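What follows is each chain in one-letter form.
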Amino acid sequence: MHSFGYRLNGLLTFAVTILALMCAITSLSDNFNTPSPSAEIKIMNINWFQKQPQGHDEVSLTMNVSADLQSLFTWNTKQVFIFVAAEYETRKNSLNQVSLWDAIIPAKEHAKFWIHTSNKYRFVDQTGKMSADKIVLTGYSLPEEYR
Amino acid sequence: MVISSALIIWKGLICITGSESPVVVVLSGSMEPGFKRGDILFLYMNRDPIRAGQIVVFNDGRDVPIVHRVIEVHEQRDNKEADILTKGDANLYDDRMLYTSSNRWLQQKYIMGRAVGFLPYVGWLTIIMTDKPIIKYILLGALGLLVIISKE
């Protein structure tokens, strides 16, 4: 009853149980937190709207992104992935989402930022054709965080 | 008795999460700094539409599934089927070159689940057992020995 094997077994089981309990409490504590993030995007300039060599229309834009996401960081937050995507509908598709820029925020200290950047990824539609009269910035939604 | 209860738990997990492979090991560093090689991911699949920003695991007929993030979604109006493009967080380029049989887009049917939870380092056991199969045999042999010689 008091051999080394039994004691080691008991100790390990206890340690794993405590670890599991701490993980569960961390996840549950997330429900008490109501995040209040804020973000703003301003398109500064449409750099070009042109045909690529293989014939697809491409748009390039420069934008200012400023955000304060500090309230999103809790015990349960691993990283915050933030991205800017163009969301639009076309004749054939009810929804298109094309990611233009993204970044990973690993910690709370980096969560308040302002960046002036051109789009990281090329903005080309699936069909290769784009036309626009004007570009309207409508509501944005912020991505989830993963445990 | 132990084996059957392990099997029941595994099959139960498959049912609950709706994914054929509810737990996967991260095999490459393409999703760093968030997910490193050796982490395990818990997946969950339902009929919610795939949207940009989600981390998905897909297998379009390759040896091992890939865990990457969705960066483009083109969902059709009439049948709600979606063409998807993915990219690893740490990769410079999207996954178009990786898709099998020169598909330009990933179809929704290849997606096995969305990542909803993670445990660090636990996957290293699987990676070691795959790279050096002798360790797998030693482990199985030791477990078998323990079962035989224990008195309960």
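Predicted, not measured: the structure shown is a model, and the values here were computed from it. (Residues numbered from 1 in each chain as written. Chains lettered and ligands numbered in written order. Predicted model: local features only at pLDDT ≥ 70, side-chain atom pairs only at ≥ 80, totals over all residues. Heavy atoms only, no water.)

**Details of helix 1 (residues 2-17) of chain B**
Residues and elements named next belong to chain B. Helix length check: helix 1 (16 residues) gives 22 Å between terminal C-alpha atoms against 22 Å at 1.5 Å per residue, within 8%. Summarising burial for helix 1: one of the 16 residues are buried, a small minority. Backbone geometry just downstream of helix 1 places G18 in the positive-phi region, at approximately 70 degrees. (Helix = DSSP H or I, 4+ residues; strand = E, 2+ residues; numbered from the N terminus. Expected span 1.5 Å × (residues − 1). Buried < 20%, exposed > 50% of the residue type's maximum accessible area, 1.4 Å probe, protein only.)

**Description of the pattern of salt bridges**
Residues and elements named next belong to chain B. Counting across every chain of the model gives four salt bridges over all chains. Close ionic contact of E75 with R51 constitutes a salt bridge, the shortest N to O distance being 3.3 Å. With E75 in strand 4 (residues 66-76) and R51 in the loop between strand 2 (40-44) and strand 3 (55-58), this residue pair connects regions lying 24 residues apart in the sequence. For R51, a relative accessible area of 22% corresponds to the partly exposed category. Close ionic contact of D60 with R62 constitutes a salt bridge, the shortest N to O distance being 3.0 Å. Here D60 falls in the buried class, since its relative accessible area comes to 6%. (Salt bridge = Lys/Arg side-chain N within 4 Å of Asp/Glu carboxyl O.)

**Section: the confidence of the model for chain A**
All names here are of chain A. Per-residue confidence for chain A gives a mean pLDDT of 75, with 82% of residues at or over 70. Summarising per-element confidence for chain A, the mean pLDDT is lowest in strand 1 (residues 38-51) (70) and highest in helix 1 (residues 4-29) (87). Contacts from residues 141-147, a stretch scored under 50 in pLDDT, to residues over four places away or in other chains number 24 contacts. (pLDDT = per-residue confidence, 0-100. Contact = heavy atoms within 4.5 Å.)

**A look at the domain arrangement of chain B**
Residue and element names in this part refer to chain B. Under the domain assignment, chain B is made up of domain 1 (1-120) and domain 2 (123-151). Every contact between the two is made by six residues of domain 1 and, on the other side, five residues of domain 2. When the buried area of domain 1 at its contact with domain 2 is split by residue, V25, R37 and G38 rank highest and sum to 85% of it. Between domain 1 and domain 2 we count one salt bridge in total. R37 serves as the salt-bridge partner of D131, at 3.9 Å between the closest nitrogen and oxygen. Here domain 1 and domain 2 share two residue pairs in polar contact (both at pLDDT 80 or more) between them. (Domains from an automatic or database assignment. Buried area = accessible area lost by both parts, 1.4 Å probe. Polar contact = N/O pair within 3.5 Å; in protein donor to acceptor, adjacent residues only side chain to side chain.)

**Overview of the interface of chain B and chain A**
Facing the 27 residues of chain B at the interface are 23 residues of chain A. The three residues of chain B that bury the most area against chain A are R69, H74 and R77 of chain B, which together make up 24% of that side's buried surface. Seen at the junction of chain B and chain A, the total is zero salt bridges. Listed by contribution, the elements that provide at least two residues to the side of chain B that touches chain A are strand 4, strand 5 (82-87) and strand 7 (111-119) of chain B. The leading source of residues in the side of chain B that touches chain A is strand 4 of chain B, at seven residues. Residues of the side of chain B that touches chain A, tallied by class, amount to ten nonpolar, six polar and eleven charged. Summarising the sheet, strand 4 (residues 93-105) of chain A and strand 4 of chain B pair through five bridges and their orientation is antiparallel. (Nonpolar A, V, L, I, M, F, W, Y, C, P; charged D, E, K, R; others polar. Pairing = 2+ DSSP bridges.)

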